[in-house]
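Close look at the chain arrangement
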Amino acid sequence: MSENENHEQSTVSVIGLGQMGTRLAQAFLTSGYATTVWNRSAAKADALVAQGAVRAATVDDAVAESPLVVVCLPDYATVSDLLGPVAPRLRGRVLVNLTSGTPEDAAGMASWAAGHGAGYLDGAAMSGTRLVGRPEALFVFSGSPEAFATHRTVLASLGNSVHLGADPALAPVYDTALFGLAWGALAGFYHAVALGGSAGVDPVDFAAVAMEHMPFVTSLMSDHARQIEDGRFSDDDGTVAVHAAAMEHLLETSRAHGLGTDVPELFGSLLDRAAVTGHGSSGIASVIETITKGERNA
Ligand SMILES: NC(=O)c1ccc[n+]([C@@H]2O[C@H](COP(=O)([O-])OP(=O)(O)OC[C@H]3O[C@@H](n4cnc5c(N)ncnc54)[C@H](OP(=O)(O)O)[C@@H]3O)[C@@H](O)[C@H]2O)c1
């Protein structure tokens, strides 16, 4: 196999056409980029080929067709298994790995790619599949700044494509952290809908009002991030003690309506632990300290 032959016919190749990979390839095609695709089950490429994609017969062909190779597979082991045998073909190209994994996975893949002369970007799709290709779909990337600069316009086809920094591990760190953030918000939402429902409130009506509340909540994130950075927790948004008392009301009301109490108990335990460690009269951002110190003494 010769390395990096100059017969590329596409701008980007997508390897792995599952739910996410298919949407990635569609987004590139919709933006007008010549796109080569490969999938283990070849039939999954049919619809994309009908939209103008080129079907590669092998992984080697898929890599050879484009300077930019995007992989989206279940895990890093599968990526290694597929790309290992064609590693020399990656020389001079940029590998973008949108497979979910750990920071260690990303660091290992980046050094493997560097060892084969390829630029590497680790990435994460943060907005599910439905929004892919729209400006509000958040994609985070980390790794080679040069690789991102070279291909940023193509990667912008996917949505709001953000480069986090040169450390390839950053993308999976953000991926898992933002996943937890989304689940925190959604867990609160599901509990709130259940509580509203116990009083006869329609979930859709409730969601409409809840969304009006969210700009206030998101504004707290930037303010509290600054407090955390400074290590000073202003009580402008209420003290830990005040919020703990309000959380007790949520807990009691939930119990009284026969609801599960896991969500308010979790929130209450964070506040209780902050109070026990001396933050009762601090602002609520002080709960960060019980988390960063791993304290479980409440
Ligand atoms: N779906 C989402 O909403 C979403 C959101 C964010 C991130 N992600 C991440 O995106 C990645 C892919 O997810 P997905 O939802 O697209 O998965 P999926 O729909 O289950 O598709 C998996 C893909 O991997 C291929 N594959 C599996 N094992 C393989 C092997 N041994 N050799 C070659 N190909 C193999 C499958 O090929 P076949 O078609 O031949 O089976 C298929 O193309 C995951 O890391 C996931 O965490 C997904």
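Given the structure is predicted, the values throughout are model-derived calculations rather than measurements.

Looking at the side chain of Ser-142
Along the polypeptide, Ser-142 turns up in strand β7 (residues 138-143). By relative accessible area, Ser-142 is classed as buried at 0%. When residues no more than four places from it in sequence are discounted, the contact partners of Ser-142 are Tyr-120, Leu-121, Asp-122, His-163, Leu-164, Gly-165, Asp-167, Pro-168, Ala-169, Leu-170 and Ala-171.

Re the packing of helix α7 (residues 170-198) against helix α8 (residues 203-230)
At a closest axis distance of 11 Å, the pairing of α7 and α8 adopts a crossing angle of 140°. Classified by the interaxial angle, the pair formed by α7 and α8 is oblique. Like other packed secondary-structure pairs, α7 and α8 cross with a definite hand, here right-handed. On α8, the residues touching Leu-181, Phe-189, Ala-192 and Val-193 of α7 are Pro-203, Phe-206, Ala-207 and Met-221.

So, the environment of Gly-165
Its location among the elements puts Gly-165 in the loop between β8 (160-163) and α7. Note on Gly-165: relative accessible area 16%, which makes it buried. Sequence separation between Gly-165 and Phe-216 is 51 residues; the distance between their C-alpha atoms is 29 Å. What Gly-165 contacts, discounting residues up to four positions off in sequence, is Phe-141, Ser-142, Gly-143 and Leu-170.

Considerations on the UniProt feature "domain: NADPH-dependent reductive aminase-like C-terminal" (unreviewed entry) in the chain
Those residues carrying the UniProt feature "domain: NADPH-dependent reductive aminase-like C-terminal" (unreviewed entry) are residues 167-292 in this numbering. End-to-end, the C-alpha atoms of residues 167-292 are 22 Å apart, and along that stretch the chain is 78% helix and 0% strand.

Topic: the pattern of salt bridges
When the charged atoms of two side chains with opposite charge come close together, those side chains can pair. In the structure shown here, the tally under the stated rule is five salt bridges. The shortest N-O distance in the salt bridge between Asp-60 and Arg-89 comes to 2.9 Å. Within this pair, whereas Asp-60 is found in helix α3 (residues 59-64), its partner Arg-89 is found in the loop between α4 (76-83) and β5 (94-97), the two being separated by 29 residues in sequence. With a relative accessible area of 18%, Asp-60 lands in the buried category. As a salt-bridge pair, Asp-223 and Arg-226 come within 3.2 Å of each other at their nearest N and O atoms. Of the two residues, Asp-223 and Arg-226 are both situated in helix α8; the distance of three residues between them amounts to about one turn of the helix.

Conventions we followed
Residues numbered from 1 in each chain as written. Predicted model: local features only at pLDDT ≥ 70, side-chain atom pairs only at ≥ 80, totals over all residues. Heavy atoms only, no water. Helix = DSSP H or I, 4+ residues; strand = E, 2+ residues; numbered from the N terminus. Buried < 20%, exposed > 50% of the residue type's maximum accessible area, 1.4 Å probe, protein only. Contact = heavy atoms within 4.5 Å. Axes fitted to C-alpha atoms, helices over the stretch in contact; angles between N-to-C directions. Parallel < 35°, antiparallel > 145°, perpendicular 65-115°, else oblique. Left-handed = near helix turned anticlockwise from the far one by under 90°. UniProt positions renumbered as here; feature names shortened; annotations may be inferred. Salt bridge = Lys/Arg side-chain N within 4 Å of Asp/Glu carboxyl O.

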